[in-house]
Amino acid sequence: TIAMFTKHEGDTQKTLFDLQCTWNELEVGESYARTKQWGAALKKFYAVKTHFDCFYDDLFDFHGYCVRKTTLRAYVDVLQVQDEAYTHKNFQRATRGVLGIFLHLLDCPEDIDGLGHLPVAERKKRREKLKKLKKKEEAKEKAEQEDAKWSNNNNGGSNGDSAVKDEKGSNWSDDP
């Protein structure tokens, strides 16, 4: 439903990141943490930190503007906001989320892949299945790279003649 309020082109999550929508990233990050998808949760929580770093940098840039335009009342307001930038409730919520995940993973290192809630035998089966899937994906990716390498070598004019491509991509020979 949030897609109704963003651009319809491209990725909705990227658009929300560009809009610095911290409340959405916090909710999505907490949702990922509840479902034990630690990597995705940490990514969302760190996105909030990135936004606050950007806010702080923008406040720093505003110093020169205030001095140049001699808007002292606005400058005092900026100094107060700058002092309290990292005490904002959304930043604190993201920090608590990151620390909660790290403390949980320190206490339960077997849950690093999100399978710690399962019985030991089921966890072992799932991990083996994930390893097989990962190996299969790596083999597929390697095969695609090899295919791309062979197609580049065969189509690149390396068959012995001195064909050269111009800017438009058409072949022409050095010999008239």
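For the structure given in this document, a descriptive report is provided here. (Residues numbered from 1 in each chain as written. Predicted model: local features only at pLDDT ≥ 70, side-chain atom pairs only at ≥ 80, totals over all residues. Heavy atoms only, no water.)

### Digging into the nonpolar core
At step 1: Within the largest apolar cluster, twelve residues are counted, these being Leu26, Trp38, Ala41, Leu42, Phe45, Val48, Phe52, Phe91, Ala94, Val98, Ile101 and Leu105.
At step 2: Within the residue set of this core, elements represented by two or more residues are helix H3 (38-69) and helix H5 (89-107).
At step 3: The element that contributes the greatest number of residues to this core is H3, accounting for six residues.
At step 4: Discounting chain neighbours no more than four positions away, the residues touching Ala94 are Leu26, Phe45 and Val48. (Core = buried A, V, L, I, M, F, W, Y, C linked by side-chain atoms within 4.5 Å. Buried < 20%, exposed > 50% of the residue type's maximum accessible area, 1.4 Å probe, protein only. Helix = DSSP H or I, 4+ residues; strand = E, 2+ residues; numbered from the N terminus. Contact = heavy atoms within 4.5 Å.)

### Focus: unusual backbone geometry
At step 1: Here Lys36, not a glycine, exhibits a phi torsion of approximately 60 degrees, which is positive.
At step 2: Looking at where Lys36 falls in the secondary structure, it is placed in the loop between helix H2 (22-34) and H3.

### Details of the packing of aromatic side chains
At step 1: Overall, the coordinates contain four aromatic pairs when judged by the stated rule.
At step 2: With a centroid separation of 5.6 Å and an interplanar angle of 35 degrees, the aromatic rings of Tyr56 and Tyr86 are classed as tilted. Of the two residues, Tyr56 sits in helix H3 while Tyr86 sits in the loop between helix H4 (72-83) and H5, which places them 30 residues apart along the sequence.
At step 3: Accessibility expressed as a relative area gives 30% for Tyr56, which makes it partly exposed.
At step 4: Judged by relative accessible area, Tyr86 falls into the partly exposed class, the value being 30%.
At step 5: Geometrically, the ring pair formed by Tyr86 and Phe91 is edge-to-face, given 4.9 Å between the ring centres and 65 degrees between the ring planes.
At step 6: Here the aromatic cluster, defined as three or more aromatic residues joined through ring pairs, consists of Phe52, Phe55, Tyr56, Tyr86 and Phe91. (Phe/Tyr/Trp six-rings, centres within 6.5 Å; stacked < 30°, edge-to-face > 60°.)

### Re the side chain of Asn90
At step 1: By the secondary structure assignment, Asn90 is in helix H5.
At step 2: Side-chain polar atoms of Asn90 contact the side chain of Thr22, separated by 3.1 Å.
At step 3: Beyond its immediate chain neighbours, meaning those up to four positions away, Asn90 contacts Thr22, Leu26, Val48 and Phe52. (Polar contact = N/O pair within 3.5 Å; in protein donor to acceptor, adjacent residues only side chain to side chain.)

### Focus: the pattern of salt bridges
Close approach of charged atoms allows side chains of opposite charge to pair.
At step 1: Going through the model one piece at a time under the given rule, you end up with four salt bridges.
At step 2: One salt bridge connects Arg93 with Glu27, and the closest N-O pair in it is separated by 2.6 Å. With Arg93 in helix H5 and Glu27 in helix H2, the pair connects residues that are 66 residues apart, well separated along the chain.
At step 3: Classification of Arg93 by relative accessible area gives partly exposed; the value is 24%.
At step 4: For Arg126, the salt bridge goes to Glu122, with nearest N and O atoms at 3.6 Å. Of the two residues, Arg126 and Glu122 both sit in helix H6 (residues 120-155), four residues apart, roughly one turn of that helix. (Salt bridge = Lys/Arg side-chain N within 4 Å of Asp/Glu carboxyl O.)

### Details of the packing of H3 against H5
At step 1: In the contact formed by H3 and H5, the axes pass within 9 Å of each other and the chain directions differ by 150 degrees. For the pair H3 and H5, the sense of crossing is left-handed. Between H3 and H5, the residues in contact are Trp38, Ala41, Leu42, Phe45, Tyr46, Val48, Lys49 and Phe52 and Asn90, Phe91, Ala94, Gly97, Val98, Ile101, Phe102, His104 and Leu105, respectively.
At step 2: A breakdown of the residues in the contact of H3 with H5 according to their chemical character gives 13 nonpolar, three polar and one charged. (Axes fitted to C-alpha atoms, helices over the stretch in contact; angles between N-to-C directions. Left-handed = near helix turned anticlockwise from the far one by under 90°. Nonpolar A, V, L, I, M, F, W, Y, C, P; charged D, E, K, R; others polar.)

### Some points on H2
At step 1: Across its 13 residues, H2 extends 18 Å between first and last C-alpha, which sits within 8% of the 18 Å expected from 1.5 Å per residue.
At step 2: Thr22, Asn24, Glu25, Leu26, Val28 and Gly29 are the residues of H2 that are buried.
At step 3: In the core, the buried residues of H2 are packed alongside helix H1 (12-18), H3 and H5.
At step 4: Positioned one or two residues after H2, Lys36 has a phi angle of 60 degrees, which is positive. (Expected span 1.5 Å × (residues − 1).)

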